[in-house]
Amino acid sequence: MNIGDAAERSGLPAKTIRYYEDIGLLKPDRAGNGYRDYSTADLHRLRFLQRARSLGFSVEECRQLLSLYGDTRRESADVKAIATAKLDDIDRKIRELTGLQVMLRQLVDSCHGDHRPDCPIIDGLSGRHDLH
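Residues numbered from 1 in each chain as written. Predicted model: local features only at pLDDT ≥ 70, side-chain atom pairs only at ≥ 80, totals over all residues. Heavy atoms only, no water.

1. Quick notes on the overall build of the protein
Helix and strand content of the protein: six helices and two strands. Each helix (α) and strand (β) of the protein, taken in turn from the N terminus, gives the series α-α-β-β-α-α-α-α. On C-alpha atoms alone, the protein measures out to a radius of gyration of 24 Å, which is more than a quarter above the 14 Å that the 2.2 N^0.38 rule sets for 132 residues. Summarising its shape, the C-alpha atoms of the protein cover approximately 70 × 35 × 25 Å along the three principal directions. Expressed as a percentage of its 132 residues, the buried residues of the protein come to 22%. With an accessible surface of roughly 9600 Å², the protein has 53% of that area assigned to carbon and sulfur atoms. Here the protein holds 21 positive side-chain charges and 21 negative ones, and the gap between their average locations is 4 Å. (Helix = DSSP H or I, 4+ residues; strand = E, 2+ residues; numbered from the N terminus. Rg over C-alpha atoms; globule rule 2.2 N^0.38 Å. Buried < 20%, exposed > 50% of the residue type's maximum accessible area, 1.4 Å probe, protein only. Areas by Shrake-Rupley, 256 points an atom, 1.4 Å probe, with all protein chains shown as cover. Lys, Arg positive; Asp, Glu negative; His and termini not counted. Charge placed at Lys NZ, Arg CZ, Asp CG, Glu CD.)

Okay, structure coming up:
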């Protein structure tokens, strides 16, 4: 199938598919005319990549997962280790975002939001209170 069909069936833009090919995540065959010719196996890899990327896996993590995907002798412990590390990373980011949310909420709640120029949000962002 051509790149347009592969894009439609995988849910990925053609530009992304070309990028995955450029960085070696995918190597479609070439038809006699030189155009890319995507197989059913390529389509499965593209869908795999689309799902993995939507879960937040980096390109390098996807490379590792694809390697395991294609290895019939893989150990599920290796796959689980990658997924567990990603889950730990997501948990860390959630904690960081929660902390940011609390700080910003405090700033917003302390601001009157009226016609006066005094603004605790500006003061907090400028670090004025940190200097005292």
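2. Notes on the pattern of salt bridges
Counted under the stated rule, the structure contains nine salt bridges. For Glu96, the salt bridge identified is with Arg92, shortest N-O distance 2.7 Å. In this pair, Glu96 and Arg92 both sit in helix H5 (residues 76–110), four residues apart, roughly one turn of the helix. Under the relative-accessibility criterion, Glu96 is labelled partly exposed at 43%. Arg92 gets classed as partly exposed once you look at its relative accessible area, which sits at 33%. Residue Asp114 is joined to Arg116 by a salt bridge in which the shortest nitrogen-to-oxygen separation is 2.9 Å. Classification of Asp114 by relative accessible area gives partly exposed; the value is 35%. Here Arg116 falls in the partly exposed class, since its relative accessible area comes to 40%. Among the charged side chains, a salt-bridge network with shared partners connects Glu61, Lys86, Asp89, Arg92, Lys93 and Glu96. (Salt bridge = Lys/Arg side-chain N within 4 Å of Asp/Glu carboxyl O.)

3. Comments concerning the UniProt feature "domain: HTH merR-type" (unreviewed entry) in the protein
The UniProt record annotates "domain: HTH merR-type" (unreviewed entry) at residues 1–68. Secondary structure content for residues 1–68 is 62% helix and 6% strand, and the end C-alpha separation is 25 Å. (UniProt positions renumbered as here; feature names shortened; annotations may be inferred.)

4. Digging into the state of the cysteines
All told, the structure shown has zero disulfides when counted by the stated rule. Note on Cys111: no disulfide assigned, nearest cysteine sulfur contributed by Cys119 at a separation of 3.7 Å. (Disulfide = S-S within 2.5 Å.)

5. A few points about the packing of aromatic side chains
Taken as a whole and judged by the stated rule, the model has two aromatic pairs. Ring geometry for Tyr19 and Tyr20: centres 6.0 Å apart, planes at 45 degrees, overall tilted. Given the relative accessible area of 4%, Tyr20 is considered buried. An angle of 35 degrees between the planes, with centres 4.6 Å apart, marks the rings of Phe48 and Tyr69 as tilted. With Phe48 in helix H3 (residues 40–54) and Tyr69 in helix H4 (residues 59–69), this pair connects stretches of sequence that are 21 residues apart. Judged by relative accessible area, which is 37%, Tyr69 ranks as partly exposed. (Phe/Tyr/Trp six-rings, centres within 6.5 Å; stacked < 30°, edge-to-face > 60°.)

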